[in-house]
Amino acid sequence: MNRARRKLEHIEHALSIEQERANGLDDIAFVHQSLPNIGTNDVQLHTAVGELSLSSPLFINAMTGGGGRETMAINEQLAEVAKACGLAMAVGSQMAAIKEESERQTFTIVRRVNENGIIFANIGSEATVDEAKRAVEMIEANALQLHLNVVQELVMPEGDRDFTGTLQRIERIVRAMDVPVIVKEVGFGISKETARKLVEIGVQYIDVGGFGGTNFARVENERRNDRLMYFNEWGISTAASIVEVTQTAPNVSVLASGGIRTAVDAVKALALGAVAVGVARPFLKILIEQGVEALIDEITAWHADFTRMMTALGAKTVSDLQRAPLVISGKTHHWLTERGLQ
Ligand code: FNR
């Protein structure tokens, strides 16, 4: 099977597997405020992610790596949506295009469509400094996502087995790059211990990529009928991971992703301390099944929901929202208590 076909099969599997709500965000409740003293016109959705200024806290997270005409078409359409809605967008892993010149257009199309947009390059943490630089240059990226995917690799028969030296490689990349480097999980969450190690080497941006959404252990297991079931339930929920990282690394810009399925999920993630919220699978599903306009409508509806909820909470800005009082219950409360985070 060629790589493009394999990649598409991967996308189809990722889209077909529905994970029950396990992102932890149902354990988070807002405290209603009867006197917010603002109106919907006062609410501003822009957010600062370190040195990046985004017009919306919502971004389209990394999906289509690999190559081929189909993945290029998906990237082109995602870029159109990102441009129309003013969202930042991450591309999928660019390693194939770094190794093979002919695959570059899968990614360069994103910059061509969205000339002035905020675009994140994406590459695995096995990358060298040179590869990381080429990923950024390829699409004139505004930031680089470096993904960590130990569990996915362990589940794949052909995956990596040796993860020594990753932190040192990340450190070299962070030092060498002149754009922000976002260290990102892909659905298993970042712990406070990992966050501490990342901060020590100078990382200032972390996407928690928490448990509760797309689950690559399940995707890989179902694809191969090779059921390493114990990894299906492995990981830190997105809600818990946001707190693990924000409380341990207060100067880090925390991006939240992993199972963000509704505008309420997104607003709760921001209220827990994230500065931006990434969505992958649900947006791709709408795009593939219903097209560009449907996805633009969906994102426009999320933005309207953000404004309504922020008004009810009296939060004019994303930073106000981060100070909104919350009550944390259930499994997430238990987790955070056990972890000494409350
Ligand atoms: C992904 N994801 C991903 N992440 C990454 O850093 N590089 C990549 O190449 C990919 N590829 C990819 C393909 C597909 C089809 C999906 C659905 C996802 C992971 C993605 O960015 C995100 O971290 C997780 O999917 C969790 O978010 P959702 O899907 O629960 O919103």
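From a predicted model like this one, the values you see are computed outputs, not experimental measurements. (Residues numbered from 1 in each chain as written. Predicted model: local features only at pLDDT ≥ 70, side-chain atom pairs only at ≥ 80, totals over all residues. Heavy atoms only, no water.)

Caption draft 1: Layout of the pattern of salt bridges. Inspection of every chain in the model, using the stated rule, returns 10 salt bridges. Here Asp 265 and Arg 21 are joined by a salt bridge, their closest N and O atoms 2.6 Å apart. Of this pair, Asp 265 sits in helix α11 (residues 263–271) while Arg 21 is found in the loop between α1 (3–16) and β1 (28–30), placing the two residues 244 residues apart along the sequence. One network of salt bridges, in which partners are shared, links Arg 21, Asp 26 and Asp 265. (Salt bridge = Lys/Arg side-chain N within 4 Å of Asp/Glu carboxyl O. Helix = DSSP H or I, 4+ residues; strand = E, 2+ residues; numbered from the N terminus.)

Caption draft 2: Highlighting a negative patch on the surface. On the surface, Glu 80, Glu 293, Asp 297 and Glu 298 cluster together into a negatively charged patch. Relative to the helices and strands, Glu 80 is located in helix α2 (residues 69–85). (Patch = residues over 30% accessible without salt bridge, like charges linked within 9 Å, V, L, I, M, F, W, Y side chains within 5 Å. Areas by Shrake-Rupley, 256 points an atom, 1.4 Å probe, with all protein chains shown as cover. Lys, Arg positive; Asp, Glu negative; His and termini not counted. Charge placed at Lys NZ, Arg CZ, Asp CG, Glu CD.)

Caption draft 3: Spotlight on the site of the ligand. The environment of the ligand is made up of 22 residues, and the closest members are Ala 62, Met 63, Thr 214, Gly 259 and Arg 261. Within the side chain of Lys 184, one N or O atom sits 2.9 Å away from an oxygen atom of the ligand. Ala 280 places a main-chain nitrogen or oxygen 2.9 Å from an oxygen atom of the ligand. Its free accessible area being 600 Å², the ligand has 97% of it covered by the protein chains. Broken down by secondary-structure element, the contributors of at least two residues to the shell around the ligand are α1, β8 (181–185) and α12 (281–290). Classifying every residue of the shell around the ligand by side-chain character gives 9 nonpolar, 9 polar and 4 charged. (Near = heavy atom within 4 Å. Polar contact = N/O pair within 3.5 Å; in protein donor to acceptor, adjacent residues only side chain to side chain. Nonpolar A, V, L, I, M, F, W, Y, C, P; charged D, E, K, R; others polar.)

Caption draft 4: Inspection of helix α10 (residues 238–248) at higher detail. Of all 11 residues that make up α10, 9 are buried, and the element is covered over most of its length. Those residues of α10 that sit buried are Thr 238, Ala 239, Ala 240, Ser 241, Ile 242, Val 243, Glu 244, Val 245 and Thr 246. Contacts from the buried residues of α10 go to β1, α8 (192–200), β9 (205–207), β10 (253–257), α11 and α15 (330–338). (Buried < 20%, exposed > 50% of the residue type's maximum accessible area, 1.4 Å probe, protein only. Contact = heavy atoms within 4.5 Å.)

Caption draft 5: Examining the pairing of strand β6 (residues 119–124) more closely. Of all 6 residues making up β6, 6 are buried, and the element is well covered by its neighbours. With burial as the criterion, each face of β6 is covered, one bearing Ile 119, Ala 121 and Ile 123 and the other bearing Phe 120, Asn 122 and Gly 124. In the sheet, β6 pairs with strand β7 (residues 143–148) via 5 bridges, with the strands oriented parallel. Bridging across to β7, Ala 121 finds its partner in Leu 144. In terms of handedness, the path from β6 via helix α5 (residues 129–138) over to β7 forms a crossover that is right-handed. (Pairing = 2+ DSSP bridges. Right-handed = clockwise from strand over helix to strand, strands pointing away.)

Caption draft 6: Spatial organisation of the pairing of β7. Counting buried positions over the 6 residues of β7 gives 6, a clear majority of the element. Burial along β7 is two-sided: the face carrying Ala 143, Gln 145 and His 147 and the face carrying Leu 144, Leu 146 and Leu 148 are both buried. Pairing analysis gives 5 bridges linking β7 to β8, with the strands arranged parallel. Bridging across to β8, His 147 finds its partner in Lys 184.

Caption draft 7: The arrangement of unusual backbone geometry in detail. Backbone geometry places Asn 37, a non-glycine residue, at a positive phi of 60°. On the basis of relative accessibility, which here comes to 75%, the residue Asn 37 falls in the exposed class. Positive phi, normally seen in glycine, also occurs at Glu 140, with a value near 45°. Mapped onto the fold, Glu 140 is located in the loop between α5 and β7. Residue class for Glu 140 comes out exposed when judged on its relative accessible area of 57%.

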